[in-house]
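# Structure assessment
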Amino acid sequence: MVSTLEHIRRGSLENTFWLAERLLDDPEDLMHKATGWMLREAGKRDVDSLRTFLTRQAGRMPRTALRYAIERLSPAERREWMEKK
(Lines give C-alpha, C1' and ligand atoms only; values in the text may rest on other atoms or scores of the structure.)
Protein backbone atom coordinates (compact mmCIF):
# COMPACT_ATOMS: atom_id res chain seq x y z
CA MET A 1 0.00 0.00 0.00
CA VAL A 2 2.75 2.43 0.95
CA SER A 3 4.39 1.88 -2.44
CA THR A 4 1.53 3.89 -3.98
CA LEU A 5 2.86 7.04 -2.26
CA GLU A 6 5.12 7.77 -5.23
CA HIS A 7 2.11 7.50 -7.56
CA ILE A 8 0.18 9.89 -5.32
CA ARG A 9 3.06 12.38 -5.40
CA ARG A 10 2.96 12.25 -9.19
CA GLY A 11 -0.79 12.89 -9.16
CA SER A 12 -1.87 9.38 -10.16
CA LEU A 13 -4.42 8.19 -7.60
CA GLU A 14 -6.08 5.26 -9.40
CA ASN A 15 -3.65 2.62 -8.07
CA THR A 16 -4.13 3.82 -4.51
CA PHE A 17 -7.91 3.58 -4.60
CA TRP A 18 -7.79 0.26 -6.49
CA LEU A 19 -5.44 -1.33 -3.97
CA ALA A 20 -7.18 0.19 -0.96
CA GLU A 21 -10.45 -1.40 -2.02
CA ARG A 22 -8.79 -4.81 -2.23
CA LEU A 23 -7.17 -4.48 1.19
CA LEU A 24 -10.29 -3.53 3.15
CA ASP A 25 -10.76 -7.10 4.35
CA ASP A 26 -7.12 -7.67 5.32
CA PRO A 27 -6.94 -8.92 8.92
CA GLU A 28 -3.73 -7.00 9.79
CA ASP A 29 -4.08 -3.75 11.72
CA LEU A 30 -0.89 -2.40 10.12
CA MET A 31 -2.49 -2.79 6.70
CA HIS A 32 -5.49 -0.80 7.95
CA LYS A 33 -3.13 1.96 9.08
CA ALA A 34 -1.20 1.98 5.81
CA THR A 35 -4.40 1.97 3.77
CA GLY A 36 -5.88 4.86 5.71
CA TRP A 37 -2.62 6.77 5.50
CA MET A 38 -2.42 6.45 1.71
CA LEU A 39 -6.09 7.36 1.34
CA ARG A 40 -5.45 10.47 3.42
CA GLU A 41 -2.48 11.35 1.19
CA ALA A 42 -4.60 10.81 -1.92
CA GLY A 43 -7.25 13.05 -0.39
CA LYS A 44 -4.69 15.84 -0.06
CA ARG A 45 -4.37 15.74 -3.85
CA ASP A 46 -8.04 15.23 -4.67
CA VAL A 47 -10.52 15.37 -1.80
CA ASP A 48 -13.47 14.71 -4.13
CA SER A 49 -11.96 11.39 -5.21
CA LEU A 50 -11.47 10.48 -1.56
CA ARG A 51 -15.11 11.34 -0.84
CA THR A 52 -16.23 9.23 -3.80
CA PHE A 53 -14.23 6.28 -2.46
CA LEU A 54 -15.61 6.79 1.05
CA THR A 55 -19.18 6.99 -0.24
CA ARG A 56 -18.77 3.50 -1.69
CA GLN A 57 -16.58 1.93 0.98
CA ALA A 58 -16.83 3.72 4.36
CA GLY A 59 -19.42 1.27 5.67
CA ARG A 60 -17.09 -1.69 5.23
CA MET A 61 -13.77 -0.03 6.04
CA PRO A 62 -11.94 -1.03 9.20
CA ARG A 63 -12.32 1.72 11.78
CA THR A 64 -8.57 2.39 11.88
CA ALA A 65 -8.35 2.86 8.10
CA LEU A 66 -11.36 5.15 8.09
CA ARG A 67 -10.01 7.30 10.92
CA TYR A 68 -6.67 7.74 9.17
CA ALA A 69 -8.34 8.48 5.82
CA ILE A 70 -10.59 11.24 7.16
CA GLU A 71 -8.07 12.84 9.50
CA ARG A 72 -7.68 16.04 7.44
CA LEU A 73 -11.38 16.63 6.86
CA SER A 74 -13.39 19.05 8.98
CA PRO A 75 -14.60 17.81 12.37
CA ALA A 76 -18.22 17.87 11.20
CA GLU A 77 -17.44 15.83 8.10
CA ARG A 78 -15.33 13.37 10.09
CA ARG A 79 -18.29 12.84 12.42
CA GLU A 80 -20.56 12.15 9.46
CA TRP A 81 -18.19 9.54 8.01
CA MET A 82 -17.74 7.83 11.38
CA GLU A 83 -21.50 7.56 11.79
CA LYS A 84 -21.63 5.58 8.54
CA LYS A 85 -19.33 3.05 10.12
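One can find the structure itself at the top, above this paragraph.
Structure report, in brief. Bear in mind the structure is a predicted one, so any value in this text is a computation, not a measurement. (Residues numbered from 1 in each chain as written. Predicted model: local features only at pLDDT ≥ 70, side-chain atom pairs only at ≥ 80, totals over all residues. Heavy atoms only, no water.)

### Focus: the overall build of the protein
Helix and strand counts for the protein stand at 6 helices and 0 strands. Its helices and strands in sequence order give the protein the pattern α-α-α-α-α-α, from N to C terminus. Each of the three principal axes of the protein carries a C-alpha extent, and together these read 30 × 25 × 20 Å. Looking at the protein residue by residue over its 85 residues, the buried ones come to 41%. (Helix = DSSP H or I, 4+ residues; strand = E, 2+ residues; numbered from the N terminus. Buried < 20%, exposed > 50% of the residue type's maximum accessible area, 1.4 Å probe, protein only.)

### Looking at the packing of aromatic side chains
Applying the stated criterion to the full structure yields 1 aromatic pair. Ring plane angle 35° and centroid distance 5.5 Å describe the contact between Phe 17 and Phe 53, whose orientation is recorded as tilted. Of this pair, Phe 17 sits in helix α2 (residues 14-23) while Phe 53 sits in helix α4 (residues 47-57), placing them 36 residues apart in sequence. Comparing Phe 17 with Phe 53 shows no difference in burial state: the two are buried. Over the ring of Trp 81 we find Lys 84; its NZ or CZ atom is 4.7 Å from the centre of that ring. (Phe/Tyr/Trp six-rings, centres within 6.5 Å; stacked < 30°, edge-to-face > 60°. Lys NZ or Arg CZ within 6 Å of the ring centre and 35° of its normal.)

### Side note on the environment of Ala 20
Mapping Ala 20 onto the fold places it in helix α2. Accessibility expressed as a relative area gives 0% for Ala 20, which makes it buried. Among residues more than four places away in sequence, those in contact with Ala 20 are Met 1, Thr 35, Leu 39 and Phe 53. (Contact = heavy atoms within 4.5 Å.)

### Concerning the pattern of salt bridges
Two side chains bearing opposite charge may form a pair once their charged atoms approach each other closely. A full pass over the atoms with the stated rule returns 9 salt bridges. Note that Asp 25 is salt-bridged to Arg 60, the shortest N-O span being 2.7 Å. Residue Asp 25 is located in the loop between α2 and α3 (29-45), and its partner Arg 60 is located in the loop between α4 and α5 (63-69); the two are separated by 35 residues in the primary sequence. Assessed through its relative accessible area of 60%, Asp 25 is described here as exposed. (Salt bridge = Lys/Arg side-chain N within 4 Å of Asp/Glu carboxyl O.)

Distances and angles like these do not, on their own, reveal function.
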